[in-house]
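# Examining the three-dimensional arrangement
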Amino acid sequence: MRMLAVTSAFLLALLAPAALAADNHSVTLTIKDDSFTPSTLTVPADTRIEIEIHNTRALPSEFESFDLNREKVVPGGTTLSLWIGPLAPGKYKFFDDFNPGVTGVIVVEKPGNKTPNKTP
Ligand SMILES: [Cu+2]
């Protein structure tokens, strides 16, 4: 039994580098009572995107996007990961379905085709 556990851990260690080598990109999104921070996430096109969503509210929030066809409840005070993409270049709106008026946008760009970001 112990040998099996050790072998499994060894196999996982072998597999991890392969998973990391995939074309991934990670961004962080913080949910507050009055806003998403940042409210604009710029990510590369044609890439798997991990959004690490951190809900700083006491209440649950729901990350929701019709453009992305995604809906995910994030309990208050917790962090979870949501994977999206690969996506075509464009703008993808999202909002907190549990907190009306709190919105954001994901801007997907081709690498090397960046437009300068304006500081809000
Ligand atoms: Cu919803």
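Residues numbered from 1 in each chain as written. Predicted model: local features only at pLDDT ≥ 70, side-chain atom pairs only at ≥ 80, totals over all residues. Heavy atoms only, no water.

Mapped onto the secondary structure, Thr30 falls in strand S1 (residues 24–31). The class for Thr30 is buried, based on a relative accessible area of 17%. Other than its neighbours up to four places away in sequence, Thr30 contacts Ser35, Phe36, Thr37, His54 and Thr56. (Helix = DSSP H or I, 4+ residues; strand = E, 2+ residues; numbered from the N terminus. Buried < 20%, exposed > 50% of the residue type's maximum accessible area, 1.4 Å probe, protein only. Contact = heavy atoms within 4.5 Å.)

One broad trend across soluble globular proteins is that nonpolar side chains are buried collectively. Membership of the largest hydrophobic core comes to 22 residues, with the highest contact counts inside it found for Ile51, Ile53, Phe63, Ile84 and Ile106. Counting residues per element, the ones that place at least two in this core are S1, strand S3 (40–44), strand S4 (48–55), strand S7 (79–84), strand S8 (90–96) and strand S9 (103–109). With residues up to four places along the chain from it excluded, the contact list for Phe63 reads Leu29, Ile51, Ile53, Leu68, Arg70, Glu71, Lys72, Leu82, Phe94 and Phe95. (Core = buried A, V, L, I, M, F, W, Y, C linked by side-chain atoms within 4.5 Å.)

What follows deals with the coordination of the copper ion. The protein atoms that coordinate the copper ion are Glu62 (OE), Glu64 (OE), Glu71 (OE) and Asp97 (OD), at distances spanning 1.9 to 2.3 Å. For the copper ion, the four donor atoms are set out with angles of 90 to 154 degrees between them, so the coordination reads as irregular. Each donor residue of the copper ion belongs to the same chain, with the gaps between them written as E-x1-E-x6-E-x25-D. The exposed category is assigned to Glu71, whose relative accessible area is 52%. (Donors = N, O, S within 2.8 Å, 3.2 Å for Na, K, Ca; no water. Tetrahedral: all angles 85-135°; square planar, octahedral: opposite > 155°, others 65-115°.)

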